[in-house]
Amino acid sequence: MRLAEWCGLSRLVTEKVKLTGAKNGAGAAADAKVSSIVGGMAAGADSIDDLHVLRHGAMPAVFAGARAPSTPGTFLRAFTHGHALQLHAVHRRFLAALAAHTPLLPGSDELAFIDVDSTHKRVYGRAKQGAEYGRFKGIRTLRPLLATVCTPQSRPVIVGIRMRRGKAADSRGAPKFVSEALATAREAGCTGTRILRADSQFYNAGVIAACRRAVRHAVPRTPATR
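Being a predicted model, the structure only gives us computed values, none of them experimental.

Rules used throughout
- Residues numbered from 1 in each chain as written.
- Predicted model: local features only at pLDDT ≥ 70, side-chain atom pairs only at ≥ 80, totals over all residues.
- Heavy atoms only, no water.
- Helix = DSSP H or I, 4+ residues; strand = E, 2+ residues; numbered from the N terminus.
- Rg over C-alpha atoms; globule rule 2.2 N^0.38 Å.
- Buried < 20%, exposed > 50% of the residue type's maximum accessible area, 1.4 Å probe, protein only.
- Contact = heavy atoms within 4.5 Å.
- Areas by Shrake-Rupley, 256 points an atom, 1.4 Å probe, with all protein chains shown as cover.
- Lys, Arg positive; Asp, Glu negative; His and termini not counted.
- Charge placed at Lys NZ, Arg CZ, Asp CG, Glu CD.
- Pairing = 2+ DSSP bridges.
- Axes fitted to C-alpha atoms, helices over the stretch in contact; angles between N-to-C directions.
- Core = buried A, V, L, I, M, F, W, Y, C linked by side-chain atoms within 4.5 Å.
- Disulfide = S-S within 2.5 Å.
- Phe/Tyr/Trp six-rings, centres within 6.5 Å; stacked < 30°, edge-to-face > 60°.
- Lys NZ or Arg CZ within 6 Å of the ring centre and 35° of its normal.

Tell me about the overall build of the protein, and name the residues and values.
The secondary structure content of the protein amounts to seven helices and seven strands. On C-alpha atoms alone, the protein measures out to a radius of gyration of 19 Å, which is about the 17 Å that the 2.2 N^0.38 rule sets for 226 residues. Reported as C-alpha extents along the three principal axes, the dimensions of the protein are approximately 60 × 45 × 35 Å. A buried classification covers 35% of the 226 residues belonging to the protein. Considering only intrachain contacts with a sequence separation of at least 6, the fraction spanning at least 24 residues in the protein is 64%. Carbon together with sulfur atoms contributes 56% to the accessible area of the protein, which is approximately 13,300 Å² in total. The averaged location of the 15 negative side-chain charges in the protein is 7 Å from the averaged location of its 34 positive side-chain charges.

Written out as C-alpha cells, the structure is:
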C-alpha cells in the first residue's frame, strides 16, 4: 500500500472517479474505497465478503477506520459502464507510475508482447448490466476483452479490461481496445518492439489499422520522417 501511495493511487482516483448520481453516499470517499479493495485483494480477498480481512490482525496499522465489507460493495454496485471507464483511466496512469518505480517489465525497452483475447465470466444476478445467456447454455455471462503485456523476462501484467455483453462477438470493440492497450504498454515503458498476439478472430482490418496507427505515433516526428 505504501508503493500504491508513492505511485499516486489515491490521488488518481480522487481526480478521475466521480460517481455522480450515486445514491446513499455510495460515491463518497472513492479513494479510500478503492484503496481498501486493492489492499484486500493483495491480502487474498476474492469477493466482497472477503474484505473483512481488513479488520483483522495488524491491518489497522495500514488502514485507519476500516469499513464493513458492505460499504465497498455498495460502492462497486453504483458503477455504470461510464464509471468503469474512469477506473480504466486511473489504471492506465497508475501502471505507468508503477513501471517507473519498480522493475515491472524488465527488457521492455527492447521487446514486449501484448496479448489480447476475450473470455466469459459467469454472473448470477439478473440485474447485472450486460449479463446474458451466451455461448454456454443456461449460464449467464459477461464477455470481457482482456489485454496483458509481458517481456521475455517478466510475467504478464494486465494493461486493459473492457466489459461487454454476454453475447458480444469475440472481436467486438477490438480496434479501439487494441489502440488503448498498445498506448498503455508504451506509457508503461514498452518503447522497443511491441508484438501484438491474438487469435484469428482479431485478424481484421480494424485491428491491423490500430496497430499501424500505433507505429506511426511511436515514430519521432523529425524533418526526415514528416
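An account of the sheet that holds strand E2 (residues 121-122) is requested, with residue identities and associated values reported.
With antiparallel pairing, three strands are arranged side by side in an open sheet as E2-E4-E3. The sheet terminates laterally at E2 and strand E3 (132-133), the two strands that pair on one side only.

Just give me the short version of the sheet that holds strand E5 (residues 145-150), but keep the residues and values in it.
Strands sit in the order E6-E5-E1-E7 across an open sheet of four strands; the sheet is mixed. If you trace the sheet from one side to the other, it starts and ends with strand E6 (157-162) and strand E7 (193-197), each paired once. Put simply, the sheet's adjacent strands are angled 20 degrees from each other on average, direction ignored. Here strand E1 (residues 111-118) pairs with E5 via six bridges, running antiparallel. Residue pairing for E5: Ser-118 is matched across the bridge by Leu-145.

Residues and numbers for the nonpolar core, please.
Residues Ile-114, Val-116 and Val-149 are the most contacted members of the largest nonpolar core, which totals 22 residues. Elements supplying a minimum of two residues to this core: E1, E5, E6, helix H6 (174-187) and helix H7 (205-218). Counting residues per element, this core draws most heavily on H6, at six residues. Setting aside its immediate chain neighbours within four residues, Val-149 contacts Leu-105, Ala-112, Phe-113, Ile-114, Arg-155, Pro-156, Val-157, Val-159, Ala-185 and Cys-190. Leu-19, Ala-30, Phe-75 and Leu-98 belong to the second largest nonpolar core, which has 18 residues in total.

Lay out the state of the cysteines with the relevant residues and their values.
Inspection of every chain in the model, using the stated rule, returns zero disulfides. Cys-190 supplies the cysteine sulfur nearest to Cys-7, a cysteine that is in no disulfide, at a spacing of 16 Å.

Any chance you could break down the packing of aromatic side chains for me, citing the residues and the numbers?
Per the counting criterion, the structure on display carries one aromatic pair. Where Phe-75 meets Phe-79, the ring centres are 5.1 Å apart and the plane angle is 90 degrees; that geometry is what we call edge-to-face. Above the ring of Phe-113, the side-chain terminus of Arg-197 is found at 4.3 Å from the ring centroid.

Any chance you could break down unusual backbone geometry for me, citing the residues and the numbers?
The phi torsion at Ala-29 lies on the positive side, around 50 degrees, for a residue other than glycine. Residue classification places Ala-29 among the partly exposed residues on the basis of a relative accessible area of 36%.

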